[in-house]
Amino acid sequence: MIRYDLLKELKPILSDHLVVCNIGAPSQELHEIDDQPSNFYMLGTMGLASSIGLGLSIATEKKVVVIDGDGSVLTNMGSLATIGNNPQPNLVVLIVDNGSYGSTGDQPTYTGGRTSLAGVAEACGCDTVIECPADQTPDILRNALAADRMTVIISRCDSGNRKCPVISMNPISIRERFMAEVAR
Amino acid sequence: MAREIDRQIIRDLRENGVNFVTTVPCKQLAGLIEVLGDTDTIRHVPCTREDEGMGLCAGAYMGGMRPLIMMQNTALGVTLNALATLIQYYQIPLPMLISYRGEVGEPVACQVEMALHTKALLAQLHIPTYHFHNVAQADELPGILDHCQMCRKPVAVLTDASFWGSAT
Ligand SMILES: [Mg+2]
């Protein structure tokens, strides 16, 4: 299962929650599947989705789902230490691990080699880390959101992207409608 | 050991409504970080790198908090993309309280190398920049914090060795 098909399966779960979505293909795919004011699309800044999600989850009591990627987490692995040491019960970090840099042409990442992001997250102090195949992810995400416990999910997907249009929304519009949703 | 200048700055942050601070430490910021730890109204989340810290600040801002980052000027390079494509692109107000290493009074020669580029990089990014060189200039901080919120931009406050040396 590729990320696009996973996001489609996750749509009914994600649409009820604040979602911080990673740069590039993930945001473009989510935008095409289910554009919502409760989605924050990153238009730039690789690697900071989980950091934005942690900051947000500290500021709000609402549930926050981060959709991150293996390549992005590898650029900012320290974020897992910050998350592990500042656990927010309303935060779920979903790392779509397809073993590749999807937005740049599916070049392999080290998670397809010898590196385990679940191992990294656990070593960084994250208490609840679940690695699962893509098709089990909807149930695991639903349970994680029902439990009041910070959870890191590593969802193993196949490499590949769906061709979706670039997001043409103005960044300030994305932020303002997202903030209105947070404050609602 | 925290000094009066540290307490004054943290008081100014509190009175401005700052309630989320992320830090990467510097010797010159040690007193501030110590006072932060005793300040209940400010949530302090140390970050592992300064661009990560800017992500935390962006999220905290969107959740309704008022963030600030404390960092050293030597880290400016790793924050350029976060500043341009997150903080500036989405118009997020972000005061940056920066320890300006490598100025007169600096004991470590290598620190001078990034000091030479600090103001040029900030100017290239069109970041409003204020340089505190003696302790009396800290009185400008409340106005700078207001200005940052008003214009919704990252704003840099550079605090050099002379500033910290002249403080009590
Ligand atoms: Mg990937």
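Because the structure is a prediction, the values reported are computed rather than measured.

A.B. asks: Help me get a handle on the coordination of the magnesium ion, residues and values and all.
C.D. replies: All names here are of chain A. Around the magnesium ion, the protein supplies D70 (OD), N98 (OD1) and S100 (O) as donor atoms, at distances of 2.1 to 2.2 Å. Along the chain, the residues donating to the magnesium ion are arranged with the sequence spacing D-x27-N-x1-S. Comparing N98 with S100 shows no difference in burial state: the two are buried.

A.B. asks: Please set out the interface of chain B and chain A residue by residue, giving values where relevant.
C.D. replies: It is common to give the size of an interface as the accessible area that goes away when the parts come together. The partner chain A presents 30 residues to the 28 residues of chain B that form the contact. Between chain B and chain A lies a buried interface of about 2,200 Å² when both sides are counted; carbon and sulfur atoms form 66% of it. For the chain B face of the interface with chain A, the top three residues by lost area are E52(B), M62(B) and Y90(B), together amounting to 33%. Inspection of the region where chain B meets chain A yields zero salt bridges. Summed over the shared surface of chain B and chain A, the result is six residue pairs in polar contact (both at pLDDT 80 or more).

A.B. asks: Which residues make up the confidence of the model for chain B, and what values do they have?
C.D. replies: Chain-level pLDDT for chain B is 97 on average; 100% of the residues reach the 70-or-more range. Under the prediction, the complex receives an ipTM of 0.98, its pTM being 0.98.

A.B. asks: Tell me about the pattern of salt bridges, and name the residues and values.
C.D. replies: All names here are of chain A. Across all of its chains, the model carries 11 salt bridges over all chains by this definition. Among the salt bridges present, the one from R3 reaches E29, with a minimum N-O distance of 2.9 Å. In this pair, R3 sits in helix α1 (residues 3-14) while E29 sits in helix α2 (residues 25-34), placing the two residues 26 residues apart along the sequence. An identical accessibility class is assigned to R3 and E29; each is buried.

A.B. asks: An account of the sheet that holds strand β4 (residues 94-99) of chain B is needed here, citing residue identities and associated values.
C.D. replies: All names here are of chain B. Taken together, the six strands give an open sheet; going across it, the order is β2-β1-β3-β4-β6-β5, and neighbouring strands pair in parallel fashion. Both edges of this open sheet fall to β2 (43-44) and β5 (129-132), since each of them pairs with a single strand only. When strand β1 (residues 20-23) meets β2, the two strands line up parallel, connected through two bridges. Looking at the pairing, F20 lines up with R43 of β2. Sitting on the sheet, helix α3 (residues 50-62) touches β1, β3 (67-72) and β4, and the angle it makes with β3 is about 170°.

A.B. asks: So what about the sheet that holds strand β3 (residues 64-69) of chain A? Which residues, and what values?
C.D. replies: Residues and elements named next belong to chain A. Taken together, six strands build an open sheet; the order of strands is β2-β1-β3-β4-β8-β7 and the sheet is parallel. What marks the edges here is a single partner per strand, and that holds for β2 (39-41) and β7 (128-133). Sheet twist, expressed as the average angle between the axes of neighbouring strands with direction ignored, equals 20°. Across six bridges, β7 lies against strand β8 (residues 151-156) in parallel orientation.

A.B. asks: Which residues make up the pairing of β3(B), and what are the values?
C.D. replies: Residues and elements named next belong to chain B. Here β3 lies mainly inside the structure; six of its six residues are buried. Relative to β3, β1 runs parallel, the two being bridged by four bridges. The partner of V21 across the bridge, within β3, is L68. Handedness of the crossover is the feature at issue here: the chain leaves β3, passes through helix α4 (residues 76-88), returns alongside β4, and the resulting connection is right-handed.

A.B. asks: Which residues make up α2(A), and what values do they have?
C.D. replies: Residue and element names in this part refer to chain A. Most of α2 sits inside the fold, with seven of its 10 residues counted as buried. Of the residues making up α2, those classed as buried are A25, P26, S27, E29, L30, I33 and D34. Looking at the packing, one finds that the buried side of α2 touches α1, β1 (18-21), β2 and β3.

A.B. asks: Before we move on, could you go through the packing of aromatic side chains and cite the residues and values that matter?
C.D. replies: Following the criterion strictly, the structure yields five aromatic pairs over all chains and no others. Residues F40(A) and Y90(B) carry aromatic rings whose centres are separated by 5.0 Å and whose planes lie at 45° to one another, so their mutual orientation is tilted. Taken together, the residues F40(A) in strand β2 and Y90(B) in the loop between α4 and β4 connect one chain to another. With respect to class, F40(A) is no different from Y90(B); both count as buried. Ring centres of F132(B) and F163(B) lie 5.7 Å apart, and the angle between their planes is 45°; on these two criteria the pair is classed as tilted. Residue F132(B) is located in strand β5, and its partner F163(B) is located in helix α7 (residues 161-166); the two are separated by 31 residues in the primary sequence. Note on accessibility: F132(B) and F163(B) belong to one class, buried. The structure contains a cluster of three or more aromatic residues connected by ring pairs, namely F40(A), F178(A), Y89(B) and Y90(B). Geometry around Y4(A) places R162(A) over its ring, the cationic atom sitting 4.2 Å from the centre.

A.B. asks: Please give an account of the packing of α3(B) against α4(B) that cites residues and values.
C.D. replies: All names here are of chain B. Two elements in contact, α3 and α4, have axes separated by 8 Å at closest approach and are oriented at 20°. Classed by the angle they form, the pair α3 and α4 counts as roughly parallel. Considering only the axes of α3 and α4, their crossing is right-handed. Packed against α3, whose contacting residues are E50, D51, M54, G55 and A58, the element α4 presents V78, T79, A82, L83, L86 and I87 at the interface. Broken down by class, the residue content of the contact of α3 with α4 amounts to seven nonpolar, two polar and two charged.

Procedures and definitions
Residues numbered from 1 in each chain as written. Chains lettered and ligands numbered in written order. Predicted model: local features only at pLDDT ≥ 70, side-chain atom pairs only at ≥ 80, totals over all residues. Heavy atoms only, no water. Donors = N, O, S within 2.8 Å, 3.2 Å for Na, K, Ca; no water. Buried < 20%, exposed > 50% of the residue type's maximum accessible area, 1.4 Å probe, protein only. Contact = heavy atoms within 4.5 Å. Buried area = accessible area lost by both parts, 1.4 Å probe. Salt bridge = Lys/Arg side-chain N within 4 Å of Asp/Glu carboxyl O. Polar contact = N/O pair within 3.5 Å; in protein donor to acceptor, adjacent residues only side chain to side chain. pLDDT = per-residue confidence, 0-100. Helix = DSSP H or I, 4+ residues; strand = E, 2+ residues; numbered from the N terminus. Pairing = 2+ DSSP bridges. Axes fitted to C-alpha atoms, helices over the stretch in contact; angles between N-to-C directions. Right-handed = clockwise from strand over helix to strand, strands pointing away. Phe/Tyr/Trp six-rings, centres within 6.5 Å; stacked < 30°, edge-to-face > 60°. Lys NZ or Arg CZ within 6 Å of the ring centre and 35° of its normal. Parallel < 35°, antiparallel > 145°, perpendicular 65-115°, else oblique. Left-handed = near helix turned anticlockwise from the far one by under 90°. Nonpolar A, V, L, I, M, F, W, Y, C, P; charged D, E, K, R; others polar.

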